[in-house]
Amino acid sequence: MKKEYVLLLVIDNNTGCSDHPDTNFLLVMKDRPQWMSGFLNLVGGKVEPNETHYDAAIRELKEETGLYPEGDLRATMLMGTIEGDEELIYCYRIYVN
């Protein structure tokens, strides 16, 4: 069974400009694992056992940023997947206020 992960493009819905609404996104400074320490990265992490990838995306957003998705239907959208030999990564776009 492949390991599953989520990767989130977190967009600030309040500061995006009308011509390019997806230009303001959030990066986090990683402190673990050691090889990522000090680097900027998108929000994300592992899908836990008995958890859907959608639920993992919302959980990782809350754990890593303290933010919550915006309330409308476009706030959280699965954009696609990246599949490797041993992993499957679900890529989400999430709008926050």
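Every residue gets a number counted from 1 within its own chain, in the order that chain's sequence is written. Reporting in this predicted model follows two pLDDT cut-offs: at least 70 for local features of residues, and 80 or more for side-chain atom pairs to be given and counted; totals over whole chains, interfaces and linings ignore these cut-offs and use all residues. As a rule here, side-chain values cover all heavy atoms of the structure and leave hydrogens and water aside.

Caption draft 1: Looking closely at the overall build of the protein chain. Secondary structure counts use DSSP, requiring at least four H or I residues in a row for a helix and at least two E residues in a row for a strand, with both numbered from the N terminus. Assigned secondary structure in the protein chain consists of 1 helix and 6 strands. Reading the secondary structure of the protein chain in the N-to-C direction produces β-β-β-β-α-β-β. Residue burial is assigned from relative accessible area. The probe radius is 1.4 Å, only protein chains are included, and a residue is buried under 20% of its type maximum, exposed over 50%, and partly exposed in between. Within the protein chain, the proportion of its 97 residues that are buried is 31%. When checking whether two residues touch, look at their non-hydrogen atoms; a contact exists if any pair is within 4.5 Å. In the protein chain, 52% of the contacts between residues at least 6 apart in sequence involve partners at least 24 apart.

Caption draft 2: Local environment of the environment of C91. Relative to the helices and strands, C91 is located in strand β6 (residues 87-96). Placed 86 residues apart in sequence, C91 and Y5 show a C-alpha to C-alpha distance of 8.7 Å. Beyond its immediate chain neighbours, meaning those up to four positions away, C91 contacts L7, M77, L78, M79, G80 and I82.

By themselves, these observations are geometric and do not establish any function.
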